[in-house]
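Observations on the three-dimensional arrangement
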Amino acid sequence: MSAPRPENGRSRLAEGSRRSPLRPPATLGLGLVLALAVGACSAGDGAGNRSSAPSGGGALRVVATTSVLADMTRHVGGARVTVSSIIPPGVGPEDYEPRPEDARALATADLIVSNGMGLDDFLARLIEAGTDRAAHQVVLGEGIPAISTDGRPNPHFWLDPTLVARYYVTKLETGLAEADPAGAATYRSNGAAFAAELGPLDAELQAEVARIPAGQRKLVTDHDAFPYFARHFGFELVGVVLPNVGQEPTAADMAALVTEVRAAGVRAIFSEAQFSPRLVQALAAEAGVSLVSTLYSDALGSAPADSYEGLLRWDVGQIVAGLTGGAGG
Ligand SMILES: [Zn+2]
């Protein structure tokens, strides 16, 4: 109710100017952003805590907020685009604090891709800091019928591949074409090819899920990223440890969740890579169930979870293993 950082906060606010090129006193604002960027300590190009390196080599520069959205953009943009993500792989968006180098990335973008619906609200703050940019924007999650918790729409649509095929791909085609009209036909064709891959992927994943006895399709995860996944693949979402990212559950919250986990006969609890495993470990120990493995939700991981499709395969594989594993496993 009084979450300090609800992950679905003020998305409308952030999206008021979506897709329209933010024009004007162009040089001034851009200069500001660049000044910000240049002011950043040159942490260097070393590995680690850095946005994903641009990839693609195309002329249209696209910056996506998350690594998952960046990967989808690569599929639809193909050879015409160079894509990077603001948030490094392995880091969650809901409590992400932008760095000066993020302003530098945005300053050079032709198109900014975000999810909206409260997932990546930090983008609005970044853009406000340099309002005069001329980049196009596309907000992929906007307008998709949402599952709400406590009145807040859940932004994690992409964990249902049919929603990606139906909505995200179409919006990417449109957004890319607005930023690069000469590529419109290419984006449509790439988008169709990507959506066509998602059908067989979905069938493959459904077949995997079918290996879990229906009564054991119960999920408990770190944060509330899996409602669309659960709805699509037929899981019951028994609970989440962090209903509001950035807000620790109380001892009473945890005790209630332990009770639910036991009552539901949940076979395993899953950690998510972007969070410390501390709380789920405690929950699993307290409830006497195994902590199975790491799922990826908002951010890509290392191979084989280093692409959108790889992420889905990985998650389904881990969930199937966790919920079908023998008691001694
Ligand atoms: Zn999330």
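Residues numbered from 1 in each chain as written. Predicted model: local features only at pLDDT ≥ 70, side-chain atom pairs only at ≥ 80, totals over all residues.

Along the backbone of the protein there are 11 helices and 10 strands. In the protein, which comprises 329 residues, the share counted as buried stands at 46%. (Helix = DSSP H or I, 4+ residues; strand = E, 2+ residues; numbered from the N terminus. Buried ≥ 20, exposed ≤ 12 C-beta atoms within 10 Å, placed from the backbone.)

Let us look at unusual backbone geometry. The omega torsion across A303 and P304 is 5°, close enough to zero to call that bond cis. Positive phi, close to 60°, is recorded for M117, a residue that is not glycine. With respect to the helices and strands, M117 occurs in the loop between β3 (111-114) and α5 (122-129). In this model, D150 sits at a positive phi of 50°, which is unusual for a non-glycine residue.

A separate point is the packing of helix α6 (residues 161-179) against helix α7 (residues 184-209). One way to put it is that α6 packs onto α7 with a least axis distance of 9 Å and a crossing angle of 170°. By the angle between their axes, α6 is roughly antiparallel relative to α7. Across the interface between the two elements, P161, T162, V164, A165, V169, T170, L172, E173, L176 and A177 of α6 pack against A184, Y187, R188, G191, F194, A195, L198, L201 and D202 of α7. Its residues placed into classes, the contact of α6 with α7 shows 13 nonpolar, 3 polar and 3 charged. (Axes fitted to C-alpha atoms, helices over the stretch in contact; angles between N-to-C directions. Parallel < 35°, antiparallel > 145°, perpendicular 65-115°, else oblique. Contact = placed C-beta atoms within 7 Å. Nonpolar A, V, L, I, M, F, W, Y, C, P; charged D, E, K, R; others polar.)

What follows deals with the nonpolar core. With 82 residues, the main nonpolar core has V62, L111 and I269 as its most contacted residues. The dominant element in this core, judged by the number of residues it contributes, is α6, at 8 residues. Looking at which domains feed residues into this core, each of domain 1 (14-39 + 50-204) and domain 2 (210-324) gives three or more. What L111 contacts, discounting residues up to four positions off in sequence, is L60, V62, A135, H136, V138, G175, L176 and A179. (Core = buried A, V, L, I, M, F, W, Y, C linked by C-beta atoms within 7 Å. Domains from an automatic or database assignment.)

Close contact between helix α3 (residues 67-77) and α7 brings their axes to 7 Å; oriented N to C, the two are set at 120°. Classified by the angle between their axes, α3 and α7 sit oblique to one another. In this structure, α3 uses H75, V76 and G77 to contact α7, whose residues at the interface are Y187, N190, G191 and F194. Across the contact of α3 with α7, the residue classes break down as 3 nonpolar, 4 polar and no charged.

Moving on, we come to helix α11 (residues 308-324). In this model α11 runs 24 Å from its N-terminal to its C-terminal C-alpha over 17 residues, within 8% of the 24 Å that 1.5 Å per residue would give. If you follow the buried residues of α11, they end up packed against α3, α6, α7, β9 (268-272) and β10 (290-295). (Expected span 1.5 Å × (residues − 1).)

This part takes up the confidence of the model for the protein. Looking at the protein as a whole, the pLDDT averages 84, with 81% of positions reaching at least 70. For the stretch residues 1-50, pLDDT sits under 50, and the model shows 91 contacts to residues farther than four places along the chain or on other chains. (pLDDT = per-residue confidence, 0-100.)

Among the secondary structure elements, P100 is positioned in helix α4 (residues 100-107). According to the C-beta neighbour criterion, P100 is partly exposed, with 17 such atoms within 10 Å. Separated by 26 residues in sequence, P100 and L126 have C-alpha atoms that sit 9.1 Å apart.

Right, let's talk about the sheet that holds strand β4 (residues 136-139) for a bit. With respect to topology, 4 strands assemble into an open sheet ordered β2-β1-β3-β4, the strand pairing being parallel. Every interior strand has two partners, whereas the edge strands, β2 (81-85) and β4, have only one. Adjacent strand axes in the sheet meet at a mean angle of 20° when their direction is disregarded. Here strand β1 (residues 60-64) runs beside β2; their pairing, made up of 5 bridges, is parallel. Among the inter-strand pairings, L60 is bridged to a residue of β2, identified as V81. (Pairing = 2+ DSSP bridges.)

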